Amino acid sequence: TDENPKGTIKGLGFAKVKDARSSVAKIKASSRSHAHKTQAAIAMEQRARVAGKKTAAGIYRKFINEQKRITAKKKKTKN
């Protein structure tokens, strides 16, 4: 169930590689916070992995790793 439909990034998928790529583009283009984008990608990566869609999961994982680098830079400039 969707506990907070206002925060949902709609139209994400992982059935095909192109779906995962377009979903990552939707996540990047969304007006959500950095943390929200990361959480959305993590959820989709986990769903893809469990469904056996390794390539789609890899696309999400690549985006998650990019987000981690951005987080590290933010933490560095904060100190």
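No experiment lies behind these values; they were computed from the predicted model shown. (Residues numbered from 1 in each chain as written. Predicted model: local features only at pLDDT ≥ 70, side-chain atom pairs only at ≥ 80, totals over all residues. Heavy atoms only, no water.)

1. Regarding helix α3 (residues 54-78)
- With 25 residues, α3 extends 36 Å between its outermost C-alpha atoms, agreeing within 8% with the 36 Å of an ideal straight helix rising 1.5 Å per residue.
- Among the residues of α3, A56, A57, I59, Y60, F63, I64 and Q67 are the ones counted as buried.
- Residues of α3 that are buried make contact with α1 (17-29) and α2 (34-50). (Helix = DSSP H or I, 4+ residues; strand = E, 2+ residues; numbered from the N terminus. Expected span 1.5 Å × (residues − 1). Buried < 20%, exposed > 50% of the residue type's maximum accessible area, 1.4 Å probe, protein only. Contact = heavy atoms within 4.5 Å.)

2. Regarding the pattern of salt bridges
- Taken as a whole and judged by the stated rule, the model has three salt bridges.
- Close ionic contact of E66 with K28 constitutes a salt bridge, the shortest N to O distance being 3.7 Å. Placement of E66 in helix α3 and of K28 in helix α1 is noted, with a sequence separation of 38 residues between them.
- A relative accessible area of 26% places E66 in the partly exposed class.
- The partner of E45 in a salt bridge is R61, and the shortest N-O contact between them spans 3.2 Å. Of this pair, E45 sits in helix α2 while R61 is found in helix α3, placing the two residues 16 residues apart along the sequence.
- A relative accessible area of 7% places E45 in the buried class.
- Taking relative accessible area as the criterion, R61 reaches 29% and is therefore assigned partly exposed.
- Here the salt bridges share partners, and the residues they tie into one network are E45, R49 and R61. (Salt bridge = Lys/Arg side-chain N within 4 Å of Asp/Glu carboxyl O.)

3. A word on the confidence of the model for the protein
- Within the protein, residue pLDDT values average 93, and 97% of them lie at 70 or more.
- Element-level mean pLDDT values for the protein span from 95 in α3 up to 97 in α1. (pLDDT = per-residue confidence, 0-100.)

4. Here's the deal with the nonpolar core
- Ranked by internal contacts, the top residues of the largest apolar core, which has 14 residues, are A20, V24, I27, A41, Y60 and F63.
- If you tally residues by element for this core, the top one is α3, at six residues.
- If we ignore the near neighbours within four places in the chain, the residues touching A41 are I27, Y60, F63 and I64. (Core = buried A, V, L, I, M, F, W, Y, C linked by side-chain atoms within 4.5 Å.)

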